[in-house]
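Residue strings, one per chain:
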Amino acid sequence: MKTAQEMKANSVALIDGHPWLVQKAEFTKSGRNSAIVKMKLKNLVNGSKTETVYKADDKMEPVILDRKEVTLSYINGEDYVFMDPEFNSYELRAEDLESVLPFIEEGMTDICEAVFFDGKVISVDLPTTIVRQITYTENSARGDTSGKVMKPAKLRNGTEVKVADFCEIDDWIEIDTRDGSYKNRTQAPTA
Amino acid sequence: MSNRWDIFCRVVDNYGDIGVTWRLARQLAAEYGLVVRLWVDEPAAFLRLCPAAEAPLSGQCIEGVEVRHWPVVFPPVEVADVVIEAFACHLPMRYVEAMAARQHKPLWLNLEYLSAEAWVTGCHGLPSPQAGGLPKFFFFPGFVDGTGGLLRERNLLAQRRAFQTAPEARGEFLAHLGVRPAGNTRLISLFAYENASLAGWLTALAADRQPTLLLVPRGRIEGELQRWFGAQPSPGHCWRRGNLQVQLLPFLRHQDYDRLLWSCDVNAVRGEDSFVRAQWAGRPLLWHIYPQEEGAHWTKLDAFLDLYCSGLSPQAGAAQKSLWHAWNGRGNMHAAWVAAQPQMAALSSRAEGWCREQAKRPDLALALVRFHRNWLLCAA
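We now turn to the structure provided with this report. (Residues numbered from 1 in each chain as written. Chains lettered and ligands numbered in written order. Predicted model: local features only at pLDDT ≥ 70, side-chain atom pairs only at ≥ 80, totals over all residues. Heavy atoms only, no water.)

1. What to know about the overall build of chain B
Here comes step 1: Within chain B, the secondary structure is distributed over 15 helices and 13 strands.
Here comes step 2: Over its C-alpha trace chain B gives a radius of gyration of 22 Å, about what one expects of a compact globule, namely 21 Å for 380 residues.
Here comes step 3: Overall, the C-alpha framework of chain B stretches about 70 × 45 × 40 Å when taken along its three principal axes.
Here comes step 4: The proportion of buried residues among the 380 residues of chain B is 58%. (Helix = DSSP H or I, 4+ residues; strand = E, 2+ residues; numbered from the N terminus. Rg over C-alpha atoms; globule rule 2.2 N^0.38 Å. Buried < 20%, exposed > 50% of the residue type's maximum accessible area, 1.4 Å probe, protein only.)

2. Here we look at the interface of chain B and chain A
Here comes step 1: Contacts between the two partners involve 33 residues from chain B and, on the opposite side, 19 residues from chain A.
Here comes step 2: Carbon and sulfur atoms supply 53% of the area buried between chain B and chain A, which totals about 2,100 Å² over both sides.
Here comes step 3: Summed over the three residues of chain B that lose the most area to chain A, namely H90(B), Y113(B) and P129(B), the buried surface amounts to 23% of that side.
Here comes step 4: Where chain B touches chain A, the interface holds 3 salt bridges.
Here comes step 5: Two residues, K29(A) and E294(B), come together in a salt bridge whose shortest N-O distance is 2.9 Å.
Here comes step 6: For the pair chain B and chain A, the number of links is 17 residue pairs in polar contact (both at pLDDT 80 or more).
Here comes step 7: Elements that contribute at least two residues to the side of chain B that touches chain A include exactly α4 (119-123), β7 (136-139) and α11 (296-309) of chain B.
Here comes step 8: Ranked by residue count, the leading element in the side of chain B that touches chain A is α4(B), at 3 residues.
Here comes step 9: Of the residues in the side of chain B that touches chain A, the class split is 16 nonpolar, 8 polar and 9 charged. (Contact = heavy atoms within 4.5 Å. Buried area = accessible area lost by both parts, 1.4 Å probe. Salt bridge = Lys/Arg side-chain N within 4 Å of Asp/Glu carboxyl O. Polar contact = N/O pair within 3.5 Å; in protein donor to acceptor, adjacent residues only side chain to side chain. Nonpolar A, V, L, I, M, F, W, Y, C, P; charged D, E, K, R; others polar.)

3. Points about the pattern of salt bridges
Here comes step 1: Throughout the structure, instances matching the rule amount to 40 salt bridges over all chains.
Here comes step 2: Between R67(A) and D125(A) there is a salt bridge, with the nearest N and O atoms lying 2.7 Å from each other. In this pair, R67(A) is assigned in strand β7 (residues 66-76) and D125(A) in strand β11 (residues 120-125), connecting sequence segments 58 residues apart.
Here comes step 3: Among the residues examined, D125(A) registers a relative accessible area of 17% and is labelled buried.
Here comes step 4: For D81(B), the salt bridge is made with R102(B), and the minimal N-O distance between the two is 3.2 Å. Here D81(B), found in the loop between β4 (65-69) and β5 (82-86), pairs with R102(B), found in the loop between α3 (93-101) and β6 (107-111); they are 21 residues apart in sequence, far enough to count as distant.
Here comes step 5: Residue R102(B) is classed as partly exposed on the basis of its relative accessible area of 21%.
Here comes step 6: Linked by salt bridges that have partners in common, E105(A), D110(A), R132(A) and R156(A) make up one network.

4. What to know about the sheet that holds strand β13 (residues 285-288) of chain B
Residues and elements named next belong to chain B.
Here comes step 1: Across the sheet, which stays open at both edges, the 6 strands sit in the order β10-β11-β9-β8-β12-β13 with mixed pairing between neighbours. In this open sheet, the two edge strands, each paired with only one partner strand, are β10 (238-241) and β13. Averaged over all pairs of adjacent strands, the angle between strand axes in this sheet comes to 15°, irrespective of strand direction.
Here comes step 2: Two elements, strand β9 (residues 212-217) and strand β11 (residues 244-249), share 6 bridges in a ladder whose sense is parallel. Note that in β11 the partner of L213 across the bridge is Q245. (Pairing = 2+ DSSP bridges. Axes fitted to C-alpha atoms, helices over the stretch in contact; angles between N-to-C directions.)

5. What to know about the side chain of N195(B)
Residues and elements named next belong to chain B.
Here comes step 1: Within the secondary structure, N195 is located in the loop between β8 (186-190) and α7 (198-207).
Here comes step 2: For N195, a relative accessible area of 4% puts it in the buried group.
Here comes step 3: Filtering out sequence-adjacent residues up to four positions away, N195 remains in contact with I221, E224, H288 and W327.

6. Quick notes on helix α15 (residues 364-379) of chain B
Residue and element names in this part refer to chain B.
Here comes step 1: For α15, with 16 residues, the first-to-last C-alpha span of 22 Å sits near the 22 Å given by 1.5 Å per residue.
Here comes step 2: Along α15, the residues classified as buried are L364, A365, L366, A367, L368, V369, F371, H372 and W375.
Here comes step 3: Structurally, α15 contributes buried residues whose contacts are with β1 (4-9), α1 (16-32), β5, β6 and β7. (Expected span 1.5 Å × (residues − 1).)

7. A closer look at the sheet that holds β7(A)
All names here are of chain A.
Here comes step 1: Taken in spatial order, the 5 strands line up as β9-β8-β7-β10-β11 in an open sheet, and their pairing is antiparallel. Pairing within the sheet leaves two strands with one partner each, and these edge strands are β9 (89-93) and β11. Taken pair by pair, the neighbouring strands of this sheet meet at an average axis angle of 45°, ignoring direction.
Here comes step 2: Note: strand β8 (residues 79-83) against β9, 5 bridges, orientation antiparallel. Its bridge partner lying in β9, Y80 is registered against L92.

See the structure below:
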């Protein structure tokens, strides 16, 4: 058993006998040192979706899932096609990728993990750290070099993230995909 | 409509948990004719709030509520139609199994903590599917539409207004407590956790031109008062320094504590239960929030201040925020209190306005009853 707090996006829990994919999980401190987790769940049998809340320490039964390394092949509208090293392709809808969608963009080379339930691909996990390029941000307002002052910046797919004030357009940055936070400025990834 | 409700209360510390659940239980029984059973794991806490009760709590009916001790080994009992676990307590496993075994499953509600944070509306009323097909939902009290509202008895505000407009009622109540303030004395009630900011506030009150009588129901703050005065209280449970007099009061029943809040010009309160009651008093208040790990309480404090201060001028709002921050350990309480004095008329007016705004929303008991009714309709 795991606690609700340990159930991350793209994990599957058996709830009252039914497998539910955790599409999104938000942890919040509710009061007096207790906490809740709001989850967006998708029923893997009938496809229905629901929003739920659990106490952070509620026990949940996790389902062990198969995983396979994949990379993004191409995006066609709402369809995202990934490919494994044996050139098998796996197609997912945008709605299946909700937790990672903000960081998926055409041409990305990240080694991802496709997640399978009953032999069927249900989602994709990104690496914890990814490198993305800033396509737009305002000039530094305060000339801060400490990295503590933050400002908004846009990525190639339109996702907005908070970055250090000294970052500029075309800079490459590392992002933590667990919470979407900026980690640091870095070099362009090598092909 | 099924009408048996069980409320489970685990006393973590202080009197907030039992205070809220005891009020809720009484209101559900008195105003909605529901058969309510209140389970409390620490009878001593309940007995302090309700001296009329007798230990051990073995089913005594008090003010229309059956109050039961929640023992470590939970006895086999008939499951109610609505089951409330207060403040995220965990129900006894035996009781949960009995709920699951029932042909018509009861409605299971987790009554959560009070918070003004924006996320509350997104979580209020959401399901929390459980094993055995038990329908469980999260229920959040709150200050805005889309939450479960605040505990407020049907006649509370009428009673409060009648009391506040009858000086003889106030005088009689205070005299009953042994309190006889002089005409120009400012009355302040103090109910707080241990608070490092207390000394600065006492110093400011002692030096103020206006005399203050600080009324303190006995509790955890006494030690700090004694330290500041450097002496035991006099036989009348009083201390005096400069223009400040402090008087200790006995621990008060709910109804008397309400009257104390209604009698005072300013109320210092703590946690959740007294915080809500002070809002219904319509007087300026000073909130000592329950401190949480990693400073999580600051977000909650500021979320409330943002709502509350939206009805104040920028100057009054800034004074209110500085004062509450200082009282909770960020800032100089002496300076914040002095700076807030020119804004007291505005803060008084806001307190009454806030009370009126909040009273327009359904109260927590009504919201729970409606939730149950709607759930039954959906299930039918």
